[in-house]
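Chain by chain, the residues run as shown.
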Amino acid sequence: MKTILCYGDSNTWGAVPQPHRGDGGRFAPDVRWPGVLRARLGAGHTVIEEGLNGRTTCIADPVEGTYKNGAAYLTVALETHYPLDLVIIKLGTNDLKARFAMQPIDIGFGMGQLADIALKSTFGPNGTPPQVLLVAPAPLAKLSWLAEMFEGGTQKSHRLAAEIAVNAREKGVHFFDAGSVIRSSDDDGIHLDAAAHAALGEALAMRVRSILQSD
Amino acid sequence: MTRTIVCFGDSNTYGMPPMEFAGDWRRHAPDVRWPGIAGRMLGPAWTLIEEGLPGRTTLHDDPIEGAHKNGLKDLPSILESHRPIDALVLMLGTNDLKMRFSVPPEDIAASVALIVQAIKASPAGPDGQAPKILLIAPARIIETGVLAGMLTGGAEKSARLPALLAKVANAEEVAFLDADALIAVSHVDGVHLDAAAHATLGRAVAETLSTLF
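Just so we're clear, the structure is a prediction, and the values are computed from it rather than from any experiment.

Asks: What is the right way to look at the overall build of chain B in this model?
Replies: The secondary structure content of chain B amounts to six helices and five strands. In chain B, the order of α-helices and β-strands from amino to carboxyl end is β-α-α-β-α-β-α-β-α-β-α. Against the 2.2 N^0.38 benchmark of 17 Å for 213 residues, chain B shows a C-alpha radius of gyration of 16 Å, consistent with a compact globule. Here the C-alpha coordinates of chain B stretch approximately 45 × 30 × 30 Å along the principal axes. Within the span of chain B, comprising 213 residues, buried residues form 61% of the whole. In chain B, of all internal contacts separated by at least 6 residues, the share reaching a separation of at least 24 is 72%. The distance from the centre of the 18 positive side-chain charges to the centre of the 25 negative ones in chain B is 2 Å.

Asks: It is not clear to me how the interface of chain A and chain B should be interpreted in this structure. Could you clarify?
Replies: When the parts of a complex come together, some accessible area is lost, and that lost area is often taken as the interface size. Residue-level contacts link 17 residues of chain A with 20 residues of chain B. The interface formed by chain A and chain B contains 11 residue pairs in polar contact (both at pLDDT 80 or more). Counting residues per element, the ones that place at least two in the side of chain A that touches chain B are β2 (45-51) and α3 (70-80) of chain A. The leading source of residues in the side of chain A that touches chain B is α3 of chain A, at five residues. Among the residues making up the side of chain A that touches chain B, the classes are represented as six nonpolar, five polar and six charged.

Asks: Just to check I follow, could you spell out empty space enclosed by the protein for this structure?
Replies: Any empty space left between atoms is shown by rolling a water-sized probe over those atoms. One pass over the full model with this rule turns up three cavities of 30 Å³ or more. Roughly 70 Å³ of internal volume is contained in the largest cavity. If you trace the largest cavity, you find it lined by Glu79, Tyr82, Thr122, Phe123 and Gly127 of chain A together with Tyr14, Trp25 and Pro54 of chain B. Counted as a void, the second largest cavity has a volume near 50 Å³. For the second largest cavity, the full set of lining residues is Asn11, Lys90, Thr93, Pro137, Ala138, Leu140, Ala178, Ile182, Ser184, Ile190 and Leu192 of chain A. In terms of residue class, the lining of the second largest cavity is made up of seven nonpolar, three polar and one charged.

Asks: Hey, could you run me through the side chain of His28 of chain B in this one?
Replies: Residue and element names in this part refer to chain B. Relative to the elements of secondary structure, His28 occurs in the loop between α1 (11-14) and α2 (34-42). Residue class for His28 comes out buried when judged on its relative accessible area of 12%. Sequence-distant contacts of His28, that is, excluding residues within four places in its chain, are made with Gly15, Met16, Pro17, Pro18, Arg33, Leu193, Asp194, Ala195 and His198.

Asks: What is the right way to look at the nonpolar core in this model?
Replies: Inside soluble globular proteins, nonpolar side chains tend to come together where they are buried. One finds Leu78, Ile89 and Leu134 of chain A together with Phe8 and Leu90 of chain B to be the most contacted residues of the largest nonpolar core, which totals 74 residues. Here the element with the most residues in this core is helix α4 (residues 105-120) of chain B; it accounts for seven residues. Listed in part, the 26 residues of the second largest apolar core include Ile5, Leu42, Trp46 and Ile136 of chain B.

Asks: Would you mind showing me how to read the packing of α4 of chain B against helix α5 (residues 154-172) of chain B here?
Replies: For any two helices packed against each other, one specifies the inter-axial angle together with the distance between the axes. Residues and elements named next belong to chain B. Axis separation between α4 and α5 bottoms out at 9 Å; the angle between their running directions is 35°. With respect to the hand of their crossing, α4 and α5 are arranged in right-handed fashion. Of α5, the residues touching α4 (which contributes Pro105, Glu106, Ile108, Ala109, Val112, Ala113, Val116, Gln117 and Lys120) are Lys157, Arg160, Leu161, Leu164, Leu165, Val168 and Glu172.

Asks: Where do I start with the sheet that holds strand β1 (residues 2-8) of chain A in this structure?
Replies: Remark on secondary structure: sheet strands pair via backbone hydrogen bonds, oriented parallel or antiparallel. Residue and element names in this part refer to chain A. Read across the open sheet, the five strands follow the order β2-β1-β3-β4-β5; overall the sheet is parallel. Edge strands, defined here as strands with exactly one partner in the open sheet, are β2 and β5 (174-177). Pairs of neighbouring strands in the sheet enclose a mean axial angle of 20°, with direction left out of account. Across four bridges, strand β3 (residues 86-90) lies against strand β4 (residues 131-136) in parallel orientation. The residue of β4 that forms the bridge with Ile89 is Leu134. Contacting β1, β2, β3, β4 and β5, helix α7 (residues 194-213) crosses the sheet at an angle of about 165° to β5.

Asks: I keep staring at the layout of surface pockets and nothing clicks. Help me out?
Replies: Within this model, the largest pocket holds a volume of roughly 1,500 Å³. Lining of the largest pocket is provided by 45 residues; of these, Arg38 and Val47 of chain A together with Thr47, Leu48 and Ile49 of chain B occupy positions nearest its centre. Looking at the lining of the largest pocket, the elements with two or more residues in it are β2 of chain A together with α2 and β2 (46-52) of chain B. For the lining of the second largest pocket, a count of residues per class yields nine nonpolar, 13 polar and nine charged.

Asks: Would you explain the pattern of salt bridges in this entry?
Replies: Two side chains bearing opposite charge may form a pair once their charged atoms approach each other closely. Scanning the model with the defined rule gives 20 salt bridges over all chains in all. Among the ionic pairs, Glu80 of chain B bridges to Lys68 of chain A, the shortest N-O distance being 2.6 Å. Remark: Lys68 of chain A occurs in the loop between β2 and α3 and Glu80 of chain B occurs in helix α3 (residues 71-82); the pair is interchain, linking two chains. With a relative accessible area of 3%, Lys68 of chain A lands in the buried category. For Lys73 of chain B, the salt bridge goes to Asp61 of chain B, with nearest N and O atoms at 3.0 Å. In this pair, Lys73 of chain B sits in helix α3 while Asp61 of chain B sits in the loop between β2 and α3, placing the two residues 12 residues apart along the sequence.

So, how was this worked out
- Residues numbered from 1 in each chain as written.
- Chains lettered and ligands numbered in written order.
- Predicted model: local features only at pLDDT ≥ 70, side-chain atom pairs only at ≥ 80, totals over all residues.
- Heavy atoms only, no water.
- Helix = DSSP H or I, 4+ residues; strand = E, 2+ residues; numbered from the N terminus.
- Rg over C-alpha atoms; globule rule 2.2 N^0.38 Å.
- Buried < 20%, exposed > 50% of the residue type's maximum accessible area, 1.4 Å probe, protein only.
- Contact = heavy atoms within 4.5 Å.
- Lys, Arg positive; Asp, Glu negative; His and termini not counted.
- Charge placed at Lys NZ, Arg CZ, Asp CG, Glu CD.
- Polar contact = N/O pair within 3.5 Å; in protein donor to acceptor, adjacent residues only side chain to side chain.
- Nonpolar A, V, L, I, M, F, W, Y, C, P; charged D, E, K, R; others polar.
- 1 Å grid on protein atoms, 1.4 Å probe; cavity = no way out; pocket = protein on both sides within 12 Å on 5 of 7 lines; lining within 4 Å.
- Points joined across faces, edges and corners; volume = space filled by probe spheres on them.
- Core = buried A, V, L, I, M, F, W, Y, C linked by side-chain atoms within 4.5 Å.
- Axes fitted to C-alpha atoms, helices over the stretch in contact; angles between N-to-C directions.
- Left-handed = near helix turned anticlockwise from the far one by under 90°.
- Pairing = 2+ DSSP bridges.
- Salt bridge = Lys/Arg side-chain N within 4 Å of Asp/Glu carboxyl O.

Taken by themselves, the reported measurements are silent on function.
This is the structure we're talking about:
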């Protein structure tokens, strides 16, 4: 049995793109990318979802809540779901909010910090560290009602993949660029539609298989 | 109708086997742990999500095992990550018995009440309502084995928890299950549940959950 933790934000939780404030909802389990990954990997794999709306890499959000800090909560998620063969971390989008003034290089380091937490943990098989796959989120698309909150974020978002890739290489963990297979929805510029969830789940299933096979 | 149930607890939800020595990091298999047993009994229309963290307290940052053991602090992340949640099964209180927290059983029950109130105030259930709650009183502990020193004075306190937690459930109008009346902790470490206890508890949780809807 291989156990895979999906640690992310609203695009791991499965938020439906919302053209207007309050339109949101959550995609069904089999539509969300972790669900697609679960179906593709099949028997012998447990895929665990830990996606939280608004989660950042490493910042306590003064507006949405201090518990949105991904670095602060990661240990809880790792320890709760021990033993983990692989931890997929897909964060960075919420760090683009104007209130944080995070630069792409900072967000890359934030992802590197998360990789470090997992690598220094004992929550992999037999108390060893789990393997880590850092996934860079797709760049922002056409923003609507969230434009002010993410002012300046679009330009930064196009540099995230490169910055996260550098950190993945430095930490010696796996890397995947979601922007290579999907785009964010133009309904709100931030979230993924059902087709994007499917494509991402498919792509990650191939990647996860190759990572776990080389164990 | 599919049902999503979150099992929020400590090492006895996580499935820590009785510990022979400190730093014994084994874990009962998924189908041995009580959420697994309950999930199998309830069938494929029910999803039981395990959120059990070893050492989790009701609302104390643990200076030794880590600040992340504070259950009340973790609660918003858990509620939001799994919403919409039909019901939350809550079993905490045992780690508050550690001598270093020096809290009487009345305080432990009051702390559990704060968690219950936080859940009731949340929009994490269907249609933005609060999830239903099943409050479980944990089985009383025995001061024995490798954990005895840490839990000095805890056994006596723990024997008073079921009655106090029953009052909380009654006052908050949530479902209640007294695990102490059904199962006993292992004599190996005085805290954790063996496979048979998990099976008994899982069956009781499934039966109670099925009456909530």
